[in-house]
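# Descriptive structure summary
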Amino acid sequence: MSAASKSKQKRSWIASSFDDDDFSTTTSNDTKLGAPTIYKKLKGISKSSKNPSLWSGEFVNKDRLAVHKKKAEEVEKWLINALTGVPGHRVLLLTGPAGCGKTACVRALAEDMTVVVKEWINPSSVYTNNSNWESRPWVPGDQVSESGAATLFREYVSRVNKYGSVTTVTTNPSNRDYNGQLLLVEDLPNVFYREPALLQDIIRRYVLCGRTPAVFIMSDAPQLEHSSTRLFPPNFCSAVGVTIIQFNSVATTLMTKALSEVCRRHDVPVSTELITCITEAASGDLRSATNALQFSLDFSDTTKNILLAPSKKKSRRKMANTDDISPAVATSTNAKDSALPLFRALGKVLYCKRSDSPAAPLPPHLRQEERAPATADPEVLLDTCYLTPPTFAAFLHQNYTPFMKSVAGASTALQYLCDADLILSQWADGEKLWSYGSVAARGVMHATGVDSGSEVSKISTFRPLVSPAFNDVTRTASGFLERVRSKFPTGSLHDLTSIILPYSSIIDPYKFGGLASELGRMAESGRVKQLQCHFSEHSREESVSEPIDYDDTIEEVSD
Amino acid sequence: MSLWIDKYRPKELSKLDYHTEQAQHLKQLVDGGDFPHLLVTGPSGAGKKTRVVALLRQLYGPGTEKLRIEHQSVLTASKKKLEISTVASNYHLEVNPSDVGIHDRVVVQELIKTLASSHQLDTVGQRDFKVVVIVEADKLTKDAQHGLRRTMEKYMSTCRIILCANSTSKVIPAIRSRCLVVRVPAPTNEQIVSILQNICKKESLNLPIQLAEKIAVKSRRNLRRAILMCEACKVESYPFSSTQEVSLPDWEVFLRTTANMIVSEQSPNRLFEVRGRLYELLSHCVPTNAIFQGLLRELIQNVDGELKAEVTRLAAYHEHRLNLGSKAIYHLEAFVASFMALYKKFLEENMADMF
């Protein structure tokens with residue numbers, strides 16, 4: 001989540017109009033200082049005099065929330081409990097897929113209860129903060145020290161706790177009982193992803209002495225290290241008393257309703273076909289669905305250039321057919337499944353469709369290397385799937401064997417995979433060499449064509465694509481190594497693992513706390529457990545409907 | 001109950017079983033009161049460590065046997081904290097810096113600096129220097145070796161360094177020239193046989209000479225392996241019989257089956273199965289060069305004479321590339337695949353000749 005929001009912030013410097021969250025841009029001046037900011041309510045429609053505002057902001061309203069009623073009630077109940085001071089209601093964690101209305105729900109409810117939302121937004125850079133700290137009014141207890149994002153965050157949180165908001169107390173004579181404030185944290189500093197213990201420490205302290213309820217919002221991320229369970233492990237939550245409310249992605253009916261509602265509000269005629277199309281493509285992400293809707297409707301508008309600016313690379317090819325709003329455009333703008341690009345890229349490399357045009361002639365001694373030009377460009381493929389070249393190579397390595405028709409072909413493919421490994425492991429030259437990461441892909445594509453020639457075999461067998469077992473193996477191995485080291489602080493690992501431990505497993509299996517027998521004994525089956533990857537389902541669909549025309553789905557919009 | 005390899009390790013230079021002349025030299029060297037930095041080289045299981053420990057005992061007395069394990073943390077230039085455990089007595093410190101990978105320079109320098117910056121308390125009864133034993137010195141990065149060169153000169157007055165390495169080829173010349181190189185050759189088969197018989201006598205076991213010879217051959221002149229094999233034999237069946245099978249480590253048996261699989265069928269599918277087995281080996285921390293050696297040894301036995309040179313070349317080529325690259329499995333599998341391709345082509349050609 002933080003990576004995405006980072007880039008979001010960055011983008012806002014370039015074209016603020018495209019930012020999906022108006023609030024961050026308006027408040028960013030204050031938050032750069034890491035100081036508490038009073039969150040100003042902005043009605044999305046009121047801003048429409050300027051650039052066209054985004055419709056996705058409009059769901060921040062209790063009546064327009066596209067969240068399931070029960071969920072919203074749950075959150076509301078928690079908020080009421082928290083604001084009236086029921087114990088055990090200090091910290092709330094909202095999780096769920098991106099764009100399912102977590103933030104909107106909190107904001108809308110807070111507005112409804114006239115609670116001031118104080119939101120932490122990552123300072124755009126710590127340096128800015130350090131250079132003009134003098135301009136910041138000194139607060140008692142404030143340290144004039146260079147501080148990282150974690151320190152800033154801690155200070156911010158404690159200050160929210162200490163000082164009530166001046167404006168609300170004076171200007172709002174409170175029509176209801178809950179005129180407190182609410183701490184909203186959506187954008188955690190990156191430090192915490194590296195060291196979750198830091199955050200847990202802050203929260204633990206906050207629960208003990210905090211008066212203001214805090215709401216943490218975490219989007220589900222595909223990567224493990226960004227997941228909410230890592231930052232908020234279950235045992236920590238139960239020990240400290242963090243309430244967790246899990247949001248589900250927006251249901252299709254709710255989304256369709258919300259989308260047509262938006263259109264009606266803006267007096268834009270829209271076909272139901274488009275709405276269904278967008279709803280399907282968004283897979284429960286209301287924000288992206290609304291953006292897509294607005295995007296596709298604005299196409300005929302004069303503002304299209306502004307809107308297109310941030311994503312020009314991917315959308316350039318779509319400019320050709322801007323005249324009619326085809327549903328395909330709408331769907332292609334927000335393909336959401338993150339595994340899909342990877343799957344497509346793998347499929348294109350492994351199946352390696354070749355065009356009908358004849359191969360460029362090679363000199364006689366290279367005749368056997370002649371191949372018809374491939375239809376897919378490996379560099380582009382690597383670009384569209386979000387993996388680093390080494391990971392992509394690992395995926396290829398794990399999956400290439402069933403596609404090889406002979407050992408010679410497999411050998412060729414492996415040669416190239418090795419070459420890619422050599423190139424990519426030159427860490428000193430870093431990213432420069434990563435542009436050569438397509439060596440692996442090109443090699444495998446070259447090898448698959450070894451003896452296909454005329455009989456481009458109709459492959460009908462089911463070949464699931466799986467994620468590399470390599471990481472699993474290294475993890476087990478390093479776990480063993482750590483244990484070996486704790487038993488034998490010095491001494492050559494080579495001797496230990498190849499001679500001493502295997503023999504001690506024969507001599508005395510229980511020696512060294514069972515380590516000897518675990519390390520020394522092989523599982524005779526020898527088959528490393530095949531990991532069922534998360535995209536195995538797609539592979540099933542794809543491999544059933546073999547030859548696939550990829551061309552109409554060529555465009556992917558990442559993020 | 002400790003393993004025989006620890007139980008019957010000679011503790012004094014005079015008690016060493018072989019290379020007695022060299023032991024005599026070492027004793028004279030130490031008795032002179034001082035000695036230069038040492039570089040002890042020799043194949044694995046030849047007795048390098050034994051000699052170093054015995055030398056230290058000769059130097060400082062039995063105090064070197066009181067060992068304690070220390071966990072030290074060293075801060076790198078990029079503020080990364082490295083944990084390394086060392087074994088130390090009052091007189092010496094033993095460290096294996098190859099664990100910390102590319103940060104070994106900092107570790108080596110810091111450890112030596114902290115050790116060397118304090119003098120011995122009682123210089124009358126003791127030597128006025130301490131000893132740092134660096135294990136697996138040939139695994140040190142070039143960077144660390146250059147750093148070590150400076151450190152060696154700087155702290156010459158308070159510190160001696162003993163480097164243990166399998167081969168001198170990976171130690172830079174600048175270090176080699178600063179050290180006295182002590183080469184410890186592997187014991188001969190006769191020496192191994194006599195050592196095994198001595199051990200069995202002390203254990204009051206009866207070891208037939210045939211079995212001892214068999215073990216000596218199987219151990220490939222690695223004394224550590226030989227003693228472990230002997231103990232494993234004893235555990236598996238005692239009293240010994242001269243026709244007893246000498247058991248090999250599990251992974252070697254596993255590797256042999258893998259090699260047989262490779263020879264019996266050459267297809268992408270088989271390659272996939274072999275990969276699974278290679279993964280199994282890797283996940284049990286079997287060193288990659290041991291896998292290469294084992295595979296080559298088994299494959300060579302199975303192929304025709306004219307292919308032997310080519311197969312060996314392939315193994316050497318891929319092992320070299322493995323050391324340059326980062327993911328071992330690619331290179332191991334590439335070796336297997338290229339062997340398969342070569343072998344299959346060879347078989348097909350021979351078939352064609354036959355008909």
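Residues numbered from 1 in each chain as written. Chains lettered and ligands numbered in written order. Predicted model: local features only at pLDDT ≥ 70, side-chain atom pairs only at ≥ 80, totals over all residues. Heavy atoms only, no water.

Under the annotation held in an unreviewed UniProt entry, chain B carries the name Replication factor C subunit 3 and is attributed to Hyalella azteca. UniProt's Sequence similarities (unreviewed entry) comment on chain B is quoted here verbatim: "Belongs to the activator 1 small subunits family." Of the comments in the UniProt record for chain B, the one headed Subcellular location (unreviewed entry) reads "Nucleus". (UniProt positions renumbered as here; feature names shortened; annotations may be inferred.)

An unreviewed UniProt entry lists chain A under the name Cell cycle checkpoint protein RAD17-like isoform X1, with Hyalella azteca as the source organism. Listed under Sequence similarities (unreviewed entry) in UniProt, the entry text for chain A is "Belongs to the rad17/RAD24 family." The record in UniProt for chain A states the following under Subcellular location (unreviewed entry): "Nucleus".

### Looking at the pairing of strand β4 (residues 92–95) of chain B
A regular strand places its side chains on the two faces of the sheet in alternate fashion. Residues and elements named next belong to chain B. Residues His92 and Glu94 point to one face of β4 and Leu93 and Val95 to the other, with burial holding for every one of them. Alignment of strand β3 (residues 81–88) against β4, held across 2 bridges, turns out to be antiparallel. Bridge pairing in β4 links Val87 to Glu94. Between β3 and β4, which pair antiparallel and follow one another directly, the connecting turn spans 3 residues. The pairing of β4 with strand β5 (residues 130–134) spans 4 bridges and is classified as parallel. Residue pairing across strands places Val95 opposite Ile134, the latter belonging to β5. (Buried < 20%, exposed > 50% of the residue type's maximum accessible area, 1.4 Å probe, protein only. Helix = DSSP H or I, 4+ residues; strand = E, 2+ residues; numbered from the N terminus. Pairing = 2+ DSSP bridges.)

### Some details on the interface of chain A and chain B
Facing the 61 residues of chain A at the interface are 65 residues of chain B. Taken together, both faces of the contact between chain A and chain B bury some 5,500 Å²; the carbon and sulfur share is 65%. The tally of links between chain A and chain B comes to 2 salt bridges. Of the charged contacts in the structure, one is a salt bridge between Asp495(A) and Arg224(B), with a shortest N-O distance of 2.6 Å. Broken down by secondary-structure element, the contributors of at least two residues to the side of chain A that touches chain B are α20 (389–399), α21 (407–424), α24 (470–487), α25 (493–507) and α26 (515–520) of chain A. Counting residues per element, the side of chain A that touches chain B draws most heavily on α25(A), at 12 residues. A breakdown of the residues in the side of chain A that touches chain B according to their chemical character gives 31 nonpolar, 20 polar and 10 charged. (Contact = heavy atoms within 4.5 Å. Buried area = accessible area lost by both parts, 1.4 Å probe. Salt bridge = Lys/Arg side-chain N within 4 Å of Asp/Glu carboxyl O. Nonpolar A, V, L, I, M, F, W, Y, C, P; charged D, E, K, R; others polar.)

### Notes on the nonpolar core
Counting 75 residues, the largest nonpolar core has Phe392(A), Leu396(A), Tyr400(A), Val444(A) and Ile291(B) as its most contacted members. Setting aside residues up to four positions removed in sequence, Tyr400(A) forms contacts with Leu350(A), Ala410(A), Ala413(A), Leu414(A), Leu417(A), Val444(A), Leu271(B), Arg275(B) and Glu333(B). (Core = buried A, V, L, I, M, F, W, Y, C linked by side-chain atoms within 4.5 Å.)

### Let's talk about the packing of α20(A) against α21(A)
All names here are of chain A. At a closest axis distance of 10 Å, the pairing of α20 and α21 adopts a crossing angle of 160 degrees. Between α20 and α21, the angle falls in the class roughly antiparallel. Note on packing geometry: the crossing formed by α20 with α21 is left-handed. For the pair α20 and α21, contact is made by Pro389, Pro390, Ala393 and His397 and by Leu414, Leu417 and Leu424, respectively. Along the lines of polarity and charge, the residues of the contact of α20 with α21 split into 6 nonpolar, 1 polar and no charged. (Axes fitted to C-alpha atoms, helices over the stretch in contact; angles between N-to-C directions. Parallel < 35°, antiparallel > 145°, perpendicular 65-115°, else oblique. Left-handed = near helix turned anticlockwise from the far one by under 90°.)

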